[in-house]
Amino acid sequence: MARITYTTLKNRAGFFDLMIIFNLVIVAAGMGAVWYVEHYGHIVTGMGNKIVWGLPHVFAIFLIIAASGALNVASISSVFSKPEYKPYARLSGLLALSLLAGGLAVLVLDLGRPDRLLIAMTTYNFKSIFAWNIYLYTGFMAIVIVYLWAMMARNMDKYSKPMGFIAFAWRLILTTGTGSIFGFIVAREAFNSAVMAPLFIASSFVYGLAFTIVVLNLVARARQRELMPDILIEKFRGLLITFTVAVIFLTIILHITNLYASGRQDVEWFMLASGNIYSQVFWIGQIAIGTLAPLALLIIPRKTDKRRTLLLPSLLLLFGGLAQIYALLIGGQAYPLDLFPGMEISSSFQDGEVASYIPTLPEILLGISGISIAMLISGIVMRLMPFLPKGESA
Amino acid sequence: MTCTSGSKEFIDKSRRDFLKKAGAGVTTFTLASGVTLMAYPQAQKRPLDEPVSAKNRWGLLIDVNKCTPECDACVTACASENGWKQGGDPRVDAQWIRKLTVKNPKSGYESSFPVMCQHCENPPCVDVCPTGASFKRLDGIVLVDKHTCIGCRYCMIACPYNARSFIHEPLTDQRPWAPRGKGTVESCTLCVHRVDRGDEPACVEKCATDGNGALMFGDLNDPDSEISIRVATYATKQIRADLGLNPGVRYENL
């Protein structure tokens, strides 16, 4: 294959500046929200003693899952030796880093005591899955940085394949760790399942690739030049379909497993059939808008010769991903803990009641600012360093 | 009462208690060993200058038959002892102990009894805490180290008993012996400050005087303690025993 030349992101027509300003405004609003919540306490959010992880966690987990999946394009080129993906490998690594940074920022800023970050980074309980994840996240960042260096430094390309292997293995372990944060919790019937790890891995492929496609589209607009050749669009299309079907399959397994066990049919009714907000988010948000609509757009043959764009299906899949995490995480907490299986319980502490949750503006701003942090990092790095292939035929 | 004066009172009282008990120890040593058992309350198992040890496993036994639905002496005592407010907004206000009403939907039979941190032998909150702020003392009391809690709330996700609360807003007038602060998680401490000085938890004490004597505190590791004898003699239950957490809180007639 011809040598690939890379370039920085040139600012044409002011689109790049517009994007940077837009994201800066969102991040500033998010930081304002953090200050507000830290000053008054979490009482100004919709969270409480039952829904302890709200919208910021939905965004944080979504971004962290997406980060590991964003590395996929690089992995395919290095690990599975597919040279057609190679021009996008650098961008893929960069997105993995920036999405992870965005997700972790939201996670940390939503802590009750974000000022104790140093304690979180120096005092560990090694039995905690959370503590494992702190190592997995920082390790991932270090490995991807070395991987990018191997890809970008002169005469270092020979190391990019072994680094690609390490990064690929690490990202699988990382997403397993993220899934296990939920899967290992026996108290929460909605998500206490070993399938959470593979479900999150499959989801990461969808979110990560969808983010990559959205960013490639934005970059193409900024450069006023198409980035993806038709062959790559076809390959990305196939991958999106495959990964989305894998997510559906594992989602069905998660629910079927619970439905089969009589003790867990109530929680399944709650999550899927009760008509409450969580079942609506699942069926309308995740399944209809976030899965079936993009699948239809990806699968149904086009009548015109117009170039197929993956932008809309990707945006819908990202929306579906947020809906998936929202329904699972918030719905899983809203469903009351079963202290006495088979009995009706009540108390002054909302025992036996479905907990209500309405996210407030600060939570929304903090959550969205995670995406903007990721976009800002990607944008600025692309502007300064050669992360993009020169042209469509690269 | 300011925090400083409260601390001083607390220290002075601890000092007095220590001297009192040290003196009592000498007295009982010179008397017969049988007198020692009579002289000490249930919790007094170690001198204050000795570390906590796994010889003890502090626990509670709650007799559901004695507990009446209208009585909340234990809840009031806990709130007053540890400085959390009762009757606030259940969404955001802390409740270290609450009265739970359990109804059998088939028969309609109802019972009411207190539920608090169950002080598990294998506490999931301790397992999941990233910094080790959630910890279990050797004597089985599960606590939160308020200096290392980062407020991640993972313990609240993991606890199967709804036992923990998050502090959602700034607090004032905390009790010196029950540190609490915005942005951290908390739960029943089994009145560790009282247990360490040889007293019973506030809920147990108040249930005996103002309630129906439904709560018993003691050392589950000591086969001669009243609680152990009772647990060995009558059928008792643990909430969600199927989870294998072995809570230190047992229920009789449940």
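Counting from 1, residues in each chain are numbered in the order their sequence is written. Each chain is given a letter, starting from A, and each ligand a number, starting from 1, according to the order in which they appear as written. The predicted nature of this model means local features are confined to residues of pLDDT at least 70 and side-chain atom pairs, given and counted, to a pLDDT of 80 or more, with totals for whole chains, interfaces and linings taken over all residues. Side-chain numbers here rest on the full set of heavy atoms in the structure, without hydrogens or water.

## A few points about the overall build of chain A
- Assigned secondary structure in chain A consists of 13 helices and three strands.
- Our radius of gyration is a C-alpha quantity, and the globule rule it is checked against amounts to 2.2 Å times the number of residues to the power 0.38. Relative to the globule expectation of 21 Å for 394 residues, the C-alpha radius of gyration of chain A, 21 Å, shows essentially globular dimensions.
- With respect to the principal axes defined by its C-alpha atoms, chain A has extents near 70 × 50 × 40 Å.
- Taking all 394 residues of chain A together, 60% fall into the buried category.
- Long-range contacts, defined here as pairs at least 24 residues apart, represent 80% of the contacts in chain A between residues at least 6 apart. Secondary structure elements follow DSSP: runs of H or I of four or more residues count as helices, runs of E of two or more count as strands, with numbering from the N terminus. Whether a residue is buried, partly exposed or exposed follows from its accessible area with a 1.4 Å probe, protein chains only, as a fraction of its type maximum: under 20%, in between, or over 50%, in that order. The contact rule is simple, with two residues in contact once any of their heavy atoms fall within 4.5 Å.

## Some remarks on the state of the cysteines
Residue and element names in this part refer to chain B.
- Two cysteine sulfur atoms form a disulfide, by the criterion used here, when they sit within 2.5 Å. The tally for this structure, following the rule as stated, stands at zero disulfides over all chains.
- Note on Cys-67: no disulfide assigned, nearest cysteine sulfur contributed by Cys-74 at a separation of 6.1 Å.
- Counting only cysteine sulfurs, Cys-125 is the nearest neighbor of Cys-159, a cysteine outside any disulfide, at a range of 6.3 Å.
- Relative accessible area serves as the criterion here: at 8%, Cys-159 is assigned to the buried category.

## Digging into the nonpolar core
- Throughout this description, the term nonpolar core refers to a set of buried Ala, Val, Leu, Ile, Met, Phe, Trp, Tyr and Cys residues connected via side-chain atoms within 4.5 Å. With 186 residues, the main nonpolar core has Phe236(A), Phe113(B) and Tyr154(B) as its most contacted residues.
- Take this core: its biggest share by element is 17 residues, from helix α8 (residues 196-223) of chain A.

## Focus: the sheet that holds strand β10 (residues 249-252) of chain B
All names here are of chain B.
- Between any two strands, pairing holds if DSSP finds at least two bridges. With mixed pairing, the four strands of this open sheet are ordered in space as β8-β1-β10-β9. This sheet does not close on itself; its edge strands, each paired only once, are β8 (215-219) and β9 (236-237).
- Across five bridges, the pairing between strand β1 (residues 58-63) and β8 is antiparallel. Looking at the pairing, Ile-62 lines up with Leu-215 of β8.
- For helices, the fitted line uses only the C-alpha atoms of the stretch in contact; every axis is such a line through C-alpha atoms, and the angle between N-to-C directions lies from 0 to 180 degrees. Strand contacts of helix α7 (residues 202-209): β1 and β8, with the helix running at about 135° to β8, the strand carrying the most contacts.

## Quick look at the interface of chain B and chain A
- Counting residues at the interface gives 52 residues for chain B and 53 residues for chain A.
- Put simply, buried area is how much 1.4 Å-probe accessible surface two parts lose in total, over both of them, once they are put together. Counting the surface chain B buries against chain A, the share from its top three residues, Arg91(B), Tyr154(B) and Ile157(B), is 17%.
- The salt bridge criterion pairs a side-chain nitrogen of Lys or Arg with a carboxyl oxygen of Asp or Glu, the two atoms within 4 Å. At the boundary of chain B with chain A, the tally comes to three salt bridges.
- Its salt-bridge partner being Asp110(A), residue Arg153(B) comes within 2.8 Å of it at the nearest N-O pair.
- Pairs of N or O atoms within 3.5 Å make up the polar contacts considered here, provided that, within protein, one atom can donate a hydrogen while the other can accept it, and that residues adjacent in sequence are counted only when both atoms are side-chain atoms. One can count 33 residue pairs in polar contact (both at pLDDT 80 or more) joining chain B with chain A.

## Describing unusual backbone geometry
- Phi at Gln350(A) takes a positive value of approximately 65°, unusual for a residue other than glycine.
- A residue is classified by how much of its surface remains accessible, and Gln350(A), at 16% relative accessible area, is buried.
- A positive phi angle, near 60°, is found at Asn253(B), a position not held by glycine.
- Take Asn253(B): it is sitting in the segment after β10.

## Examining the packing of aromatic side chains
- Under the pairing criterion, centres of Phe, Tyr and Trp rings, with the six-membered ring standing for Trp, must be within 6.5 Å; the plane angle then separates stacked pairs below 30 degrees from edge-to-face pairs above 60, leaving the rest tilted. Here the structure, examined in full by the defined rule, presents 23 aromatic pairs over all chains.
- Plain terms: the ring middles of Trp53(A) and Tyr154(B) are 5.4 Å apart, the flat faces sit at 25° to each other, and that makes the pair stacked. On the criterion of chain membership, the pair formed by Trp53(A) in the loop between α1 (15-40) and α2 (55-70) and Tyr154(B) in helix α5 (residues 154-158) is interchain, its members lying in two chains.
- Relative accessible area serves as the criterion here: at 0%, Tyr154(B) is assigned to the buried category.
- Every member of this aromatic cluster is reached through a ring pair, and the members are Trp53(A), Phe130(A), Phe182(A), Phe191(A), Phe200(A) and Tyr154(B).

## Thoughts on the pattern of salt bridges
Residue and element names in this part refer to chain B.
- A complete count under the given rule lists 18 salt bridges over all chains for this structure.
- Arg-197 is the partner of Asp-199 in a salt bridge, and the nearest nitrogen-oxygen pair spans 2.9 Å.
- Close ionic contact of Glu-252 with Arg-230 constitutes a salt bridge, the shortest N to O distance being 3.0 Å. Pair noted here: Glu-252 is in strand β10 and Arg-230 is in helix α8 (residues 226-233), with a separation of 22 residues, a long-range link.
- With a relative accessible area of 4%, Glu-252 lands in the buried category.
- The structure contains a network of salt bridges with shared partners spanning Glu-81, Arg-194 and Glu-205.

## Comments concerning the packing of helix α9 (residues 230-260) of chain A against helix α11 (residues 277-299) of chain A
Residues and elements named next belong to chain A.
- At a closest axis distance of 10 Å, the pairing of α9 and α11 adopts a crossing angle of 150°. When the axes of α9 and α11 are compared, the pair comes out roughly antiparallel. Taken as a pair, α9 and α11 cross one another with a handedness that is left-handed. Together, Arg-237, Leu-240, Ile-241, Thr-244, Ile-248, Thr-251 and His-255 of α9 and Phe-282, Gln-286, Thr-291, Leu-295, Leu-298 and Ile-299 of α11 make up the contact between the two elements. Roughly parallel means an angle under 35 degrees; roughly antiparallel means over 145; roughly perpendicular covers 65 to 115; every other angle is labelled oblique. Two helices that cross are described as forming a left-handed crossing if the nearer one is turned anticlockwise from the farther one by less than a right angle, and a right-handed crossing if clockwise.

## Considerations on the side chain of Asn133(A)
- On the secondary structure map, Asn133(A) appears in helix α6 (residues 129-152).
- Each residue touching Asn133(A), except ones within four places of it in the same chain, is listed here: Leu174(A), Gly177(A), Thr178(A) and Ile181(A).

## Observations concerning the pairing of strand β3 (residues 110-116) of chain B
All names here are of chain B.
- By the criterion of burial, β3 is predominantly enclosed, with six of the seven residues buried.
- Inspection of the sheet shows strand β2 (residues 97-103) paired to β3 by seven bridges, in the antiparallel sense. Counted as the bridge partner of Val-102 is Ser-111 from β3.
- Here β2 folds back onto β3, and the loop between the two strands holds six residues, one of which, Gly-108, carries a positive phi near 85°.

## A word on the packing of α2(A) against helix α12 (residues 311-334) of chain A
All names here are of chain A.
- In contact at an axis separation of 9 Å, α2 and α12 are set at 125° when each is read in the N-to-C sense. When the interaxial angle is binned, α2 and α12 end up oblique. The element α2 and its partner α12 pack so that their crossing is right-handed. Residues Leu-55, His-57, Val-58, Phe-59, Ile-61, Phe-62 and Ile-65 of α2 form the contact with α12, whose participating residues are Leu-318, Gly-321, Leu-322, Ile-325, Tyr-326, Leu-329 and Ile-330.
- Ten residues, namely Ala, Val, Leu, Ile, Met, Phe, Trp, Tyr, Cys and Pro, are considered nonpolar, four, namely Asp, Glu, Lys and Arg, are considered charged, and the remaining ones, Gly among them, are considered polar. Residue composition of the contact of α2 with α12, grouped by class: 12 nonpolar, two polar and no charged.

## Overview of a nonpolar patch on the surface
Residue and element names in this part refer to chain A.
- To count toward a patch, a residue needs a relative accessible area over 30% and no salt bridge; like charges are then connected within 9 Å, while nonpolar side chains (Val, Leu, Ile, Met, Phe, Trp, Tyr) are connected within 5 Å. Shrake-Rupley sampling with a 1.4 Å probe provides the accessible areas, and residues are treated as covered by the protein chains on show and by no other component. On the surface, Trp-283, Ile-284, Ile-289 and Phe-319 cluster together into a nonpolar patch covering about 390 Å² of accessible area.
- The greatest single-element share of the nonpolar patch, amounting to three residues, is contributed by α11.
- When you line up the elements, Ile-289 lands in helix α11.

## Let's talk about the confidence of the model for chain B
Residue and element names in this part refer to chain B.
- Confidence in the prediction for chain B averages 86 pLDDT; 82% of positions are at 70 or higher.
- You can read pLDDT as the predictor saying how much it trusts each residue, on a scale of 0 to 100. pLDDT under 50 marks residues 1-11. Its contacts with residues more than four places away, or in other chains, come to nine contacts.
- Confidence drops under pLDDT 50 across residues 13-41; counting only partners more than four residues distant or on other chains, this segment forms 14 contacts.

## Some points on the sheet that holds β2(B)
- Read from one edge to the other, the open sheet built from three strands follows the order β2(A)-β2(B)-β3(B), with strand pairing classed as antiparallel. Here the strands that pair on one side only, and so sit at the sheet edges, are β2 (344-346) of chain A together with β3 of chain B. Neighbour-to-neighbour, the strand axes of the sheet open up by a mean angle of 30°, direction not taken into account.
- Sheet strands in contact with helix α3 (residues 73-82) of chain B are β2 and β3 of chain B, and its direction is about 155° off that of β2(B).

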